[in-house]
Amino acid sequence: MNGLSTAFIVLGLFLLGGVISFVKQKQSKGLITLLSIGAAMCLVAGVLRLDVWAS
């Protein structure tokens, strides 16, 4: 399952880059909030699926 967690982390970082770009372009706050939530969810899901956290 390491590939799936890597995919989630990469997708989360991609969305985070989009958030930064949209903030610089002064896009609507709703779109920035939606992308931020999506990025956070992908990053958390990717980190929680890593084998490092399994005890």
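Everything that follows concerns the structure shown earlier in this document.
Residues numbered from 1 in each chain as written. Predicted model: local features only at pLDDT ≥ 70, side-chain atom pairs only at ≥ 80, totals over all residues. Heavy atoms only, no water.

Caption draft 1: Molecular detail of the nonpolar core. Counting residues in each nonpolar core, the largest one holds six residues, listed as Leu15, Val19, Ile32, Leu35, Ala39 and Cys42. Among the elements of the structure, helix 1 (2-24) and helix 2 (29-48) are those that each provide at least two residues to this core. The biggest single contributor to this core is helix 2, with four residues. The contacts of Ala39, once residues within four sequence positions are left out, are Gly12, Leu15 and Leu16. (Core = buried A, V, L, I, M, F, W, Y, C linked by side-chain atoms within 4.5 Å. Buried < 20%, exposed > 50% of the residue type's maximum accessible area, 1.4 Å probe, protein only. Helix = DSSP H or I, 4+ residues; strand = E, 2+ residues; numbered from the N terminus. Contact = heavy atoms within 4.5 Å.)

Caption draft 2: Just the packing of helix 1 against helix 2, in detail. One can describe the packing of helix 1 onto helix 2 by two numbers: an axis separation of 7 Å at closest approach and a directional angle of 155°. Between helix 1 and helix 2, the interaxial angle falls into the category roughly antiparallel. Pair helix 1 / helix 2 crosses with left-handed handedness. Together, Ser5, Phe8, Ile9, Leu11, Gly12, Leu13, Leu15, Leu16, Gly18, Val19, Phe22 and Val23 of helix 1 and Leu31, Ile32, Leu35, Ser36, Gly38, Ala39, Cys42, Leu43, Ala45, Gly46 and Val47 of helix 2 make up the contact between the two elements. Per-class residue counts for the contact of helix 1 with helix 2 are 17 nonpolar, six polar and no charged. (Axes fitted to C-alpha atoms, helices over the stretch in contact; angles between N-to-C directions. Parallel < 35°, antiparallel > 145°, perpendicular 65-115°, else oblique. Left-handed = near helix turned anticlockwise from the far one by under 90°. Nonpolar A, V, L, I, M, F, W, Y, C, P; charged D, E, K, R; others polar.)

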